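# Architecture and fold: a report
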Amino acid sequence: MGLEMVVKDIMDAASAEVSRIKSEADAEVLQIVVEAKDEAKRIMGESLAKAEDDIKRMKQQEISSANLEVKRTLLNARKEVLEEVYDRTFAAISSLPEAKNKEILKVILTNNEVKGKKIYSNAKSEKLVRELSSLEYAGNINCAGGVVIENEDGTIRLDYTYDVILKGVNEQFLKQTSDILFG
């Protein structure tokens, strides 16, 4: 019976060792599972935070893009309105009543006739310009109104056409016009 006891003691010791190893393994597995769950939570938290940041960034980009598009549309609309105002002004100047045209031409000629020898105008104003000016009438030009005064050899041309005057006034007062129209 001594051998049976030794075998039983060895078996009991082996069983205890197996139980101890199994308990340690279970505890280690449990620790690994807990650590893995913690790591998964950390990774999930980081992923959610990154996703939230990405969403915020994308939302901000979309808002910025939409704001930029609104500004671009608004600027284009304002530009169209300013062009319409310019076109209407040009049309009004092109069809000035003869009395108003005569009044404007008198002022231009009074202030500038001495600077030249020849004068040009549009066909519509030719008779009036010939009547108001002592300069040599040199021909018709394509313009809304006004005159071009030229020196004797044609090297100096002073452009007092309504087209050029309107363009200059428009460029000079574009900001003020815009402020008046759009506040």
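Placed above this text is the structure.
A few points on the structure. In this text the structure is predicted, and so the values were computed from the model without any measurement.

Residue placement: Glu 46 occurs in helix α1 (residues 2–94). Since its relative accessible area comes to 46%, Glu 46 is described here as partly exposed. Between the alpha carbons of Glu 46 and Val 70 there is a distance of 36 Å; along the sequence they are 24 residues apart.

What follows concerns the pattern of salt bridges. If you walk through the whole model with that rule in mind, you get 15 salt bridges. Residue Lys 8 pairs with Asp 12 through a salt bridge whose shortest N-O separation is 3.5 Å. Within this pair, Lys 8 and its partner Asp 12 are both found in helix α1, separated by four residues, close to a single helical turn.

Glancing now at the nonpolar core. By size, the foremost hydrophobic cluster in this structure holds 13 residues, and its most contacted members are Leu 105, Ile 119, Val 129, Val 147 and Ile 149. Of all the secondary structure elements, the ones that give two or more residues to this core are α2 (98–112), α3 (126–132) and β3 (146–150). Top element by residues in this core is α2. It accounts for three residues. Apart from the residues lying within four places of it in its own chain, the contact partners of Ile 119 are Leu 109, Val 129, Ser 133, Leu 135, Glu 136, Tyr 137, Ala 138, Gly 139, Val 147, Val 148 and Ile 149.

Rules used throughout
- Residue positions within a chain follow its written sequence, with the count starting from 1.
- For a predicted model such as this one, the threshold for reporting local features is a pLDDT of at least 70, and the threshold for listing and counting side-chain atom pairs is 80 or more; totals across whole chains, interfaces and linings nevertheless cover every residue.
- Hydrogens and water are ignored here; the side-chain numbers use all heavy atoms of the structure.
- Helix and strand assignments come from DSSP, with helices taken as H or I runs of at least 4 residues and strands as E runs of at least 2, each series counted from the N terminus.
- The buried label goes to any residue with under 20% of its type's maximum accessible area, the exposed label to any with over 50%, and the partly exposed label to all in between, with areas taken from a 1.4 Å probe on protein chains only.
- In what follows, salt bridge is the name for a side-chain nitrogen of Lys or Arg lying within 4 Å of a carboxyl oxygen of Asp or Glu.
- Among buried residues, the Ala, Val, Leu, Ile, Met, Phe, Trp, Tyr and Cys ones that are joined through side-chain atoms within 4.5 Å form a nonpolar core.
- We call two residues in contact whenever any of their non-hydrogen atoms come within 4.5 Å of each other.

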